[in-house]
Amino acid sequence: LFLLAIVTIVTIATFRMAPTYDATARIEIDRENTNVLPFAGANYSDAIFEDLEQYIETQSRILTSATMANQTIKSLHLDQDPRFGGQPTNPSTLALAPKDGGVQFPTPALAAFQSGLGIRRVPNTRLMDITFSTSDPKLAAMIVNAHINNFIEQNFRSRYEATAQASNWLTGQLDELKS
């Protein structure tokens, strides 16, 4: 009777559980060329190899940051999705994040997003697996793709800003040489 009761309880619990789907995408984290000016001796290959581990760890932390999560939440309007603590008739829960003494607490959408997000480095490679778990397989895939697109866009923006700063500096140097 005891064995029958346990099997029955486990069977009922198993059928009542909602399935969880994991969408996973793999990206390569490649060291960007920070040497804007192509002068000889400006590229230190030994420093690049030593710094690669720290660079990959930094990119991993950027992928899991609240800023990247909020960008994905805003781009997909997840803050209005009831599965992420939002209500379609209310204003954005991102805009209504409570503040206490300058400290911003995570919103329900941010907490739900970060609980489903997983970042894992493939051992001995520059590859990262980005996974999102939810009960809707299409939503999981959509979130992973949007998160990666936001990450790529953020990298392009930072590279553009670095190039613009170098261009402004070179323009200033050229004007100084002309004078």
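In this report, we go over the structure that sits alongside the text.

Definitions and cut-offs
Residues numbered from 1 in each chain as written. Predicted model: local features only at pLDDT ≥ 70, side-chain atom pairs only at ≥ 80, totals over all residues. Heavy atoms only, no water. Buried < 20%, exposed > 50% of the residue type's maximum accessible area, 1.4 Å probe, protein only. Helix = DSSP H or I, 4+ residues; strand = E, 2+ residues; numbered from the N terminus. Arc of directions from axis to C-beta. Contact = heavy atoms within 4.5 Å. Pairing = 2+ DSSP bridges. Axes fitted to C-alpha atoms, helices over the stretch in contact; angles between N-to-C directions. Polar contact = N/O pair within 3.5 Å; in protein donor to acceptor, adjacent residues only side chain to side chain. Salt bridge = Lys/Arg side-chain N within 4 Å of Asp/Glu carboxyl O.

Within helix H4 (residues 108–116), the full set of buried residues consists of Ala 109, Leu 110, Phe 113 and Gly 116. Looking straight down H4, one finds that the buried residues subtend no more than 135° of arc, so they occupy a single side. Summarising the contacts, the buried residues of H4 are in contact with helix H3 (66–76), strand S4 (117–121), strand S5 (127–134) and helix H5 (137–178).

This part takes up the environment of Asn 149. Position of Asn 149 relative to the elements: it lies in helix H5. Overall, the relative accessible area of 49% leaves Asn 149 in the partly exposed class. Counting along the chain gives 77 residues from Asn 149 to Thr 72, while the straight-line C-alpha distance between them is 8.9 Å.

Further remarks concern the sheet that holds S4. As summarised here, the arrangement of the 3 strands in space is S1-S5-S4, forming an open sheet in which the pairing is antiparallel. A strand with exactly one partner marks an edge of an open sheet, and here the two such strands are strand S1 (21–28) and S4. Across the sheet, the axes of successive neighbouring strands diverge by a mean angle of 20°, strand direction being ignored. Alignment of S1 against S5, held across 8 bridges, turns out to be antiparallel. Bridge assignment links Ala 25 to a residue of S5, and that residue is Ile 130.

Before going further, it helps to spend a moment on the side chain of Thr 107. Among the secondary structure elements, Thr 107 is positioned in the loop between strand S3 (103–104) and H4. Classification of Thr 107 as buried rests on a relative accessible area of 4%. Side-chain polar atoms of Thr 107 contact the backbone nitrogen of Leu 110, separated by 3.1 Å.

Taken as a whole and judged by the stated rule, the model has 9 salt bridges. Note that Asp 136 and Arg 83 form a salt bridge whose closest N and O atoms lie 3.2 Å from each other. In this pair, Asp 136 sits in the loop between S5 and H5 while Arg 83 sits in the loop between H3 and strand S2 (99–100), placing the two residues 53 residues apart along the sequence. A relative accessible area of 46% places Arg 83 in the partly exposed class. We note a salt bridge from Asp 129 to Arg 120, for which the minimum N-O separation is 2.9 Å. If you follow the salt bridges from partner to partner, you end up with Arg 26, Arg 120 and Asp 129 in one network.

The quantities given are spatial measurements derived from coordinates; they are silent on function.
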